[in-house]
Amino acid sequence: MSDTAFAFQLYGTILAEPVPRLLRAGKLTAQLAGGNLRTIAYDGVEVLRAISYLVRDSDWGTYDPGLSNLVVAESGNGFTVSYGARCDGPNGAVLDIAAMIEGRADGKLTFTSVARSPTGFETNRCGFCILHPIVGVAGAAVTVEHVNGEIEDTKLPDLIEPWQPFEDMRAITHNALAGVSVECRMEGDTFEMEDQRNWSDASYKTYVRPLALPWPYRIPPDEPIVQQITLTIIDRRASSGDRPASAGNSAVIRLTPGTASGTMPAIGLVITPEEAKASLATLARQDGPKVQDLLFHFDPAAGHDAAVFKGFAEIAAIHGGTTTLEFAVRCQRPLDEEMLEIAAWMRAADFAPSAIMVCPSVDRQSTPPGSKWPDCPPLEEVYAAALNAFPGIRLGGGMLSYFTELNRKRVPAGNLGFISHCTSPIVHAADDLSVMQTLEALPFVTRSVRAIYGDKPYRLGPSTIAMRQNPYGSRTMDNPNSSRIPMANRDPRHTGLFAAAFATGYITSVLDADIETLTLSALTGPFGVFAEKGEPIAEGGRRPLFHIVAGLAELAGQQWRAVVASHPQKVMSFRTEAKKEATLWIVNLSDQALTVDMSELVNPARAQLDVLDGDTMRKATKSGVKSVGIVRAQLRLSPFAVARVYTS
């Protein structure tokens, strides 16, 4: 198989990401990608996740300008990078950027930019974003220098902070490892930090300019915008000091038993009115995964009316499990009037869901810091009207959007049967690495929900790679070229093996939160589990994600036990136990083949194995994944492969 064909299986697109260039200056390393720096490390330890120069449009979409006059020079003592870039805005607006990067062996790195527009340029943000990692850094001590010279000794938040933890910033210093401090100094404007874990990004983001200032704003013609980021790493260790743990990682990733345990969640599928006909036909053929819950989406603002419930009722009659209606309440008439009208439509169609999750339509839109909250009835009144209109039906609340909105507008949960929200991994970045790194943030998200709402039943999803709606702008982004773009309403990776690996990593990351129901896809359509034209799987066949959703649905209600991987950024795992069989799930989250040692968990002589990978996904388009035969203590997994090891 050609490299292009293999990439198509993995990502659902033949468009390849540019391979980042590794830059080195002594113990300091960084990857150069698209003119920005990522995975900035010192002595093998990541000290910053990224330093990026970003320009955002009025919908918070990110420009992706091509680079010109790129020059990279490397020597034994350091490196320099220079380039130009141009952003083409609406109505002929242009923004030109000149950048210079220098890295030195003494641990100092500078990134300087000059932006200038000959036309004037409207933007929501223009300047540097600095990302600090979260694993091993969340809750750690930092020193913040403010623009007025004040020094603050504090900590990065552990639970996710809804608003900016630090404002009016000039510099921030943390310890990357014992004896090594990292100062990041930001000049040219006032910076502030937001906790990007709100959006499931695996980072704290320090950015320019303060959100309390108006946006979008206009850069005047021919006015230079000069900014500089200076990273200073001070290594106080003795020259014979111990190497960091990450520097000696074995080529073999080892799995060992963990201590946490719990019950596997129910698995759901979302059904929209637009996909109701196709979903009904699929269920009538008994082709779909045997999930526990169907989540029906109803949004009057999108034109959904009484006729929708007839299709929902037909689908519910075939489905053997529970049903939930998620309802975006318009709140434009008296609440009782709106709710009772919907209840009458449901009765007329003989549609009686097991549960209803209500959320004011306006709450799907973000209210950033400094913005005015939109008009909305008190949530206590919204929930009271729902309880009155839908007696005897379990009521849920929360947000139809993301944890960000739930964290910033915390709902009164006393009369609710459950709390719910969604996630999307492509709000801010859509490259493969950033998407997979969002899995690191999910335990912080779920732990923060538990800190707010205690042991209230907790549902999560629909959570897919592509965005089904955009709380941060007027629209989601169309993606006709099957690219990797933030805030896209279609993502090609949903059709490939990447989505199967992501979904497996997703559930592994949230198991400890005691999720009641997890919804990772639709049944049909662009968010579904069946292929459309032009995909790695023939039209109508089962996308790789199908097998993950179906396999997880089979595990619902079983006991799970944690598994610890020696390199959790590359491999995740968990195991389940039923009366007669135990199953070990292992997923390769990387684009490289890996060897996994499972000898502490599995007796190969008593085990069976199946693997979903680039080969078996083609053979399982109409059926399940077949066993691949002999099991050994060490397992070789190809990129984004998912293995299941069964022992009786």
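Residues numbered from 1 in each chain as written. Predicted model: local features only at pLDDT ≥ 70, side-chain atom pairs only at ≥ 80, totals over all residues. Heavy atoms only, no water.

1. A closer look at the overall build of the protein chain
Move 1: When helices and strands are counted, the protein chain shows 10 helices and 34 strands.
Move 2: Expected size for 648 residues packed as a compact globule is a radius of gyration near 26 Å; at 25 Å, the protein chain falls within 12% of this value.
Move 3: In terms of overall dimensions, the protein chain has a C-alpha envelope of 70 × 65 × 45 Å along the principal axes.
Move 4: Scored against the burial criterion, the 648 residues of the protein chain give a buried share of 56%.
Move 5: Sequence separation of 24 or more characterises 70% of the internal contacts of the protein chain that already satisfy a separation of 6 or more.
Move 6: Summed over its atoms, the accessible surface of the protein chain is roughly 26100 Å², and 50% of this surface lies on carbon and sulfur atoms. (Helix = DSSP H or I, 4+ residues; strand = E, 2+ residues; numbered from the N terminus. Rg over C-alpha atoms; globule rule 2.2 N^0.38 Å. Buried < 20%, exposed > 50% of the residue type's maximum accessible area, 1.4 Å probe, protein only. Contact = heavy atoms within 4.5 Å. Areas by Shrake-Rupley, 256 points an atom, 1.4 Å probe, with all protein chains shown as cover.)

2. Here we look at the pattern of salt bridges
Move 1: Inspection of the entire model under this criterion finds 37 salt bridges.
Move 2: Between Glu337 and Arg333 there is a salt bridge whose closest N-O contact spans 2.9 Å.
Move 3: Given a relative accessible area of 34%, Arg333 falls into the partly exposed group.
Move 4: Residue Arg484 pairs with Asp432 through a salt bridge whose shortest N-O separation is 2.9 Å. On the criterion of sequence distance, the pair formed by Arg484 in the loop between strand S26 (458-460) and helix H8 (497-510) and Asp432 in helix H7 (residues 432-453) is long-range, its members being 52 residues apart. (Salt bridge = Lys/Arg side-chain N within 4 Å of Asp/Glu carboxyl O.)

3. Concerning the sheet that holds strand S24 (residues 394-402)
Move 1: In space, the eight strands of this closed barrel follow the order S20-S21-S22-S23-S24-S25-S26-S27, with parallel pairing throughout. Direction aside, neighbouring strands of the sheet carry axes that sit 25° apart on average. (Pairing = 2+ DSSP bridges. Axes fitted to C-alpha atoms, helices over the stretch in contact; angles between N-to-C directions.)

4. Looking at the environment of Val645
Move 1: With respect to the helices and strands, the residue Val645 is situated in strand S34 (residues 642-647).
Move 2: Judged by relative accessible area, which is 1%, Val645 ranks as buried.
Move 3: In the structure, Val645 is positioned 47 residues away from Met598 in sequence and 9.8 Å away in space, judged by C-alpha atoms.

5. Section: the nonpolar core
Move 1: The biggest cluster of nonpolar side chains holds 175 residues, and the ones touching the most others in it are Leu325, Phe390 and Leu552.
Move 2: In terms of residue count, the dominant contributor to this core is H8 (10 residues).
Move 3: Setting aside chain neighbours within four positions, we find Leu325 in contact with Phe296, Phe298, Phe309, Phe312, Met346, Phe351, Pro353, Ala355, Ile356 and Met357.
Move 4: If you look at the next biggest cluster of nonpolar residues, it comprises 21 residues, including Val596, Leu601, Val602 and Ala643. (Core = buried A, V, L, I, M, F, W, Y, C linked by side-chain atoms within 4.5 Å.)

6. Observations regarding the pairing of strand S14 (residues 180-187)
Move 1: Alignment of strand S13 (residues 166-177) against S14, held across six bridges, turns out to be antiparallel. Each residue of the ladder has a partner; that of Leu177, found in S14, is Val180.
Move 2: Linking S13 to S14, which pair antiparallel, is a turn of two residues; within it Gly179 sits at a positive phi near 85°.
Move 3: Sheet analysis places S14 next to strand S18 (residues 225-235), joined by eight bridges and oriented antiparallel. Each residue of the ladder has a partner; that of Val182, found in S18, is Ile233.

7. Quick word on H7
Each full turn of the α-helix corresponds to 3.6 residues, which orients residues three or four apart in the same direction.
Move 1: Under the 1.5 Å per step criterion, the end-to-end length of H7 is 32 Å for 22 residues, consistent within 8% with the ideal 32 Å.
Move 2: Within H7, the axis deviates most sharply at Ala441, by approximately 35°, and proline Pro443 lies no more than four positions further along.
Move 3: Just downstream of H7 lies Gly454, where phi reads positive at about 60°. (Expected span 1.5 Å × (residues − 1). Bend = angle between axes of the 7 residues up to and from the residue.)

8. Structural notes on the sheet that holds strand S30 (residues 582-588)
Either a parallel or an antiparallel arrangement is found when strands of a sheet pair, and the pairing is made through backbone hydrogen bonds.
Move 1: Sheet architecture is open: eight strands sit in the order S32-S34-S30-S29-S28-S19-S31-S33, paired in mixed fashion. Edge strands, defined here as strands with exactly one partner in the open sheet, are strand S32 (607-612) and strand S33 (634-637). With strand direction ignored, the average angle separating the axes of adjacent strands in the sheet is 25°.
Move 2: Summarising the sheet, S32 and S34 pair through six bridges and their orientation is antiparallel.

9. Remarks on unusual backbone geometry
Move 1: Cis geometry marks the peptide bond from Trp215 to Pro216, where omega comes out at -5°.
Move 2: Summarising the element assignment, Pro216 is placed in the loop between strand S16 (204-207) and strand S17 (217-219).
Move 3: For the bond running from Gly461 to Pro462, omega is 10°, close enough to zero to count as cis.
Move 4: By the secondary structure assignment, Pro462 is in the loop between S26 and H8.
Move 5: For Ser200, which is not glycine, the phi dihedral falls at a positive 70°.
Move 6: By secondary structure assignment, the location of Ser200 is in the loop between strand S15 (191-195) and S16.

10. Section: the packing of aromatic side chains
Move 1: One pass over the full model with this rule turns up 20 aromatic pairs.
Move 2: Each ring, one from Phe498 and one from Phe640, has its centre 5.1 Å from the other, and the planes form 65°; the classification is edge-to-face. With Phe498 in helix H8 and Phe640 in the loop between S33 and S34, this residue pair connects regions lying 142 residues apart in the sequence.
Move 3: Here a set of aromatic residues connected by ring pairs shows up, and it is made of Phe296, Phe298, Phe309, Phe312, Phe327 and Phe351. (Phe/Tyr/Trp six-rings, centres within 6.5 Å; stacked < 30°, edge-to-face > 60°.)

11. Some remarks on the packing of helix H4 (residues 335-348) against helix H5 (residues 379-389)
Axis angle and axis distance: for two packed helices, these are the angle between their axes and the distance between the axes, and together they describe the pair.
Move 1: The N-to-C vectors of H4 and H5 enclose an angle of 35°; their axes lie 9 Å apart at closest approach. Classified by chirality, the crossing of H5 by H4 is right-handed. Judged by residue contacts, Leu335, Asp336, Met339, Leu340 and Ala343 of H4 engage Glu381, Val382, Ala385, Ala386, Asn388 and Ala389 from H5.
Move 2: Partitioning the contact of H4 with H5 into residue classes produces eight nonpolar, one polar and two charged. (Left-handed = near helix turned anticlockwise from the far one by under 90°. Nonpolar A, V, L, I, M, F, W, Y, C, P; charged D, E, K, R; others polar.)

12. Details of helix H3 (residues 308-318)
Move 1: All of the buried residues along H3 are Val308, Phe309, Gly311, Phe312, Ala313 and Ile315.
Move 2: Its buried side turned inward, H3 meets strand S20 (266-271), helix H2 (276-284), strand S21 (293-298), strand S22 (322-329) and H4.

13. Re the environment of Gly188
Move 1: Within the fold, Gly188 resides in the loop between S14 and S15.
Move 2: For Gly188, a relative accessible area of 53% puts it in the exposed group.
Move 3: In this structure, the C-alpha to C-alpha distance between Gly188 and Ala466, residues 278 residues apart in sequence, is 35 Å.
Move 4: For Gly188, the contacting residues outside a window of four places in its chain are Arg170, Val226 and Gln227.

14. So, the state of the cysteines
As used here, a disulfide is simply a covalent bond connecting the sulfur atoms of two cysteines.
Move 1: Taken as a whole and assessed by the stated rule, the structure comprises zero disulfides.
Move 2: Take Cys184: it sits in no disulfide, and the sulfur closest to it among the cysteines is that of Cys129, at 11 Å.
Move 3: Accessibility expressed as a relative area gives 1% for Cys184, which makes it buried.
Move 4: Looking at the unpaired Cys359, the closest cysteine sulfur is the one in Cys376, lying at 8.1 Å. (Disulfide = S-S within 2.5 Å.)

The analysis is restricted to geometry; functional conclusions fall outside its scope.
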